[in-house]
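As a plain string of letters, each chain reads:
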Amino acid sequence: MAYTVPKLEDYSPAALDKAVAELLAGLRQEAAAISSEGESKAFRDRWMARKNGILTQVNDLWLKAAPGPAKREVGTRVNNLKTDVEQIVDDAQGRLSGSASQARLESERIDITLPGIHRPLGAEHPVIRTMNEIVNVFRAMGYSVAEGPEIETDYFNFEALNFPPNHPARDTQDTLFVAGQEKKQQRDRLLLRTHTSPVQIHAMEQQPPPIRVVVPGKVHRADTADATHSPIFHQVEGLAVDTNITFCDLKGTLDHAMKALFGSDVNTRFFPSFFPFTEPSADVSVTCFKCGGKGCRLCKNSGWIELLGCGMVDPAVFKFVENNGYKADKISGFAFGMGVERIAMLKYGIDDIQLFFQGDMRFLEQFV
Ligand SMILES: [Zn+2]
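Thresholds applied
- Residues numbered from 1 in each chain as written.
- Predicted model: local features only at pLDDT ≥ 70, side-chain atom pairs only at ≥ 80, totals over all residues.
- Heavy atoms only, no water.
- Helix = DSSP H or I, 4+ residues; strand = E, 2+ residues; numbered from the N terminus.
- Buried < 20%, exposed > 50% of the residue type's maximum accessible area, 1.4 Å probe, protein only.
- Contact = heavy atoms within 4.5 Å.
- Polar contact = N/O pair within 3.5 Å; in protein donor to acceptor, adjacent residues only side chain to side chain.
- Axes fitted to C-alpha atoms, helices over the stretch in contact; angles between N-to-C directions.
- Parallel < 35°, antiparallel > 145°, perpendicular 65-115°, else oblique.
- Core = buried A, V, L, I, M, F, W, Y, C linked by side-chain atoms within 4.5 Å.
- Phe/Tyr/Trp six-rings, centres within 6.5 Å; stacked < 30°, edge-to-face > 60°.
- Donors = N, O, S within 2.8 Å, 3.2 Å for Na, K, Ca; no water.
- Tetrahedral: all angles 85-135°; square planar, octahedral: opposite > 155°, others 65-115°.
- Pairing = 2+ DSSP bridges.
- Salt bridge = Lys/Arg side-chain N within 4 Å of Asp/Glu carboxyl O.
- Expected span 1.5 Å × (residues − 1).

## Here's the deal with the environment of His202
If you trace the backbone, His202 turns up in helix H7 (residues 198-206). Residue His202 is classed as buried on the basis of its relative accessible area of 15%. Sequence separation between His202 and Val321 is 119 residues, and the spatial gap between their C-alpha atoms is 9.3 Å. Contact partners of His202, with chain neighbours within four places excluded, come to Pro149, Glu152 and Phe156. In terms of polar contacts, His202 uses its side chain to reach the side chain of Glu152, at 2.7 Å.

## Observations concerning the packing of helix H5 (residues 126-139) against helix H10 (residues 340-348)
At a closest axis distance of 9 Å, the pairing of H5 and H10 adopts a crossing angle of 100°. In this view, H5 runs roughly perpendicular relative to H10, as classed from their interaxial angle. Two secondary-structure elements touch here, H5 through Pro126, Val127, Arg129, Thr130, Met131, Glu133 and Ile134 and H10 through Val340, Glu341, Ile343, Ala344, Lys347 and Tyr348.

## Re the nonpolar core
Membership of the largest hydrophobic core comes to 44 residues, with the highest contact counts inside it found for Phe138, Leu254, Met258, Leu307, Phe336 and Met338. With residues near it in sequence (within four places) discarded, Phe336 still touches Phe138, Tyr143, Val236, Glu237, Gly238, Leu239, Leu254, Leu308, Gly309 and Cys310. One finds Leu23, Phe43, Leu55 and Val58 within the second-largest nonpolar core, a separate group that totals 28 residues.

## Things to note about the packing of aromatic side chains
The tally for this structure, following the rule as stated, stands at 15 aromatic pairs. Here Tyr348 and Phe367 contribute two aromatic rings whose centre-to-centre distance is 5.1 Å and whose plane-to-plane angle is 80°, an arrangement assigned as edge-to-face. Residue Tyr348 is found in helix H10, and its partner Phe367 is found in the segment after helix H11 (361-364); the two are separated by 19 residues along the sequence. Residue classification places Tyr348 among the partly exposed residues on the basis of a relative accessible area of 28%.

## Looking at H10
For H10, the full list of buried residues reads Val340, Glu341, Ile343, Ala344, Met345 and Leu346. Buried residues belonging to H10 abut H5, strand S5 (232-242), helix H8 (247-262), strand S8 (304-313) and strand S9 (332-339). Downstream of H10 by a residue or two, Gly349 has a phi angle that is positive, lying close to 65°.

## Comments concerning the coordination of the zinc ion
Tetrahedral metal sites with four donors have an ideal angle of 109.5 degrees; octahedral sites with six donors have ideal angles of 90 or 180 degrees. Bound to the zinc ion on the protein side are Cys288 (SG), Cys291 (SG), Cys296 (SG) and Cys299 (SG), at distances that span 2.2 to 2.3 Å. Here the zinc ion binds four donor atoms, and the angle range of 104 to 116° at the metal identifies the geometry as tetrahedral. Within one chain, the residues donating to the zinc ion are spaced in sequence as C-x2-C-x4-C-x2-C. Judged by relative accessible area, Cys288 falls into the buried class, the value being 1%. Note on Cys296: relative accessible area 16%, which makes it buried.

## Observations concerning the sheet that holds strand S4 (residues 211-220)
What the seven strands build is an open sheet, ordered S1-S4-S5-S9-S8-S7-S6; its pairing is mixed. What marks the edges here is a single partner per strand, and that holds for strand S1 (144-145) and strand S6 (268-275). Relative to S9, S5 is paired through eight bridges, and the arrangement is antiparallel. Counterpart to Asp242 in the pairing with S9 is Ser332. Across the sheet, H8 touches S6, strand S7 (278-287), S8 and S9, and the angle it forms with S8 is around 145°. The strands touched by H10 within the sheet are S5, S8 and S9, with S9 carrying the most contacts at an inclination of about 55°.

## Things to note about the pairing of S8
Within S8, eight of the ten residues are buried, which leaves it mostly tucked inside the rest of the structure. The pairing of S7 with S8 spans eight bridges and is classified as antiparallel. Residue pairing across strands places Ser281 opposite Gly311, the latter belonging to S8. In the sheet, S8 pairs with S9 via five bridges, with the strands oriented antiparallel.

## So, the pattern of salt bridges
Taken as a whole and assessed by the stated rule, the structure comprises 15 salt bridges. Salt-bridge contacts for Arg46 lead to Glu30; the nearest nitrogen and oxygen are separated by 2.6 Å. Of the two residues, Arg46 is situated in helix H2 (residues 37-48) and Glu30 in helix H1 (residues 13-33); the sequence distance between them amounts to 16 residues. We classify Arg46 as partly exposed; its relative accessible area is 29%.

## Describing the environment of Glu22
Inspection of the secondary structure assignment puts Glu22 in helix H1. When the C-alpha atoms of Glu22 and Asp154 are compared, they prove to be 96 Å apart, with 132 residues separating the residues in sequence.

## Describing helix H4 (residues 71-107)
The first and last C-alpha atoms of H4 sit 54 Å apart over 37 residues, in line with the 54 Å expected at 1.5 Å per residue. Buried residues of H4: Val74, Gly75, Arg77, Val78, Leu81, Val85, Ile88, Val89, Ala92 and Leu96, and no others. Lining the buried residues of H4 we find H1, H2 and helix H3 (54-64).

## Here's the deal with unusual backbone geometry
The omega torsion of the bond from Pro209 to Pro210 falls at 5°, within 30 degrees of zero and hence cis. Relative to the elements of secondary structure, Pro210 occurs in the loop between H7 and S4. If you check the backbone angles, Lys300 has positive phi at about 50° while not being a glycine. Examined against the element boundaries, Lys300 turns out to sit in the loop between S7 and S8. Even without glycine at this site, Asn301 takes up a positive phi of about 65°.

Written out as structure tokens, the structure is:
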């Protein structure tokens, strides 16, 4: 039961001592029960508030009410009480804040002997590493590096590369178009570039011939993901334009590049092919770098692996950049393009293209 200040009837020294002892016992009991900052503040107010605190009540009920002859006896005790109450209240608060700071120190304790947080060094992603390797082979031959936007217009992605208006690649089956552009002319419609070839046009618009440029980058197709297809993948494109560039230059350049990438004992083979922006066009195979041409599972027992497409720049493409010095009767050039994931898969023996994009550390850590 909480202590309340009684009215005094008996002002004898013995009765006064008893009243004081009861008050201090009540105070100590309450002090011991305090367990929070809020309780501590209420406790101090209850005992020491100027207005209606217990000390004030003692002053009113004991001292002021005391009859004249007893005033001296009561006054001494009330004065001593003030000192005692202050002391006990202060001690109780000190004990509480002491244990609070102790608890805080405890929770903030740092074990300086623990090892630090280990942040492993990152490593180049196998796709980026392969792309850089390809780019470096051509840089060593004097090519500069160009990049272009991943969101292209139909003009750069198709029209200026001599794709006819109804070419199946322009269909939404194959190409990811930006939505809501039905009002635009076809050549202005935005799409996610399906190859790095539009950068050929950007490069020729920016720089008159001669030009030697290699273009690494990300491309997109409306393909369903499976072991060999991904809606996003990477290409490296190349373009060389000058006077008197022939198919021999194309063959020599790519043969050298394939040897630099896969080893000096690989051979290259060129097959007729078709691309709208090159004429003639060719597909290039290299001797299987696993079996050396004898035939194995990787090369489907043919001894050869098809790696890239290429060809002489179609004069119709030069028409689109004629104003920047690309006169089809004065200059000639070749272009080539290769899929980075395909080369990385062959090089590292990876059988699922999806592994490149799933971010699985168990896969990626093998390339550290
Ligand atoms: Zn083979």
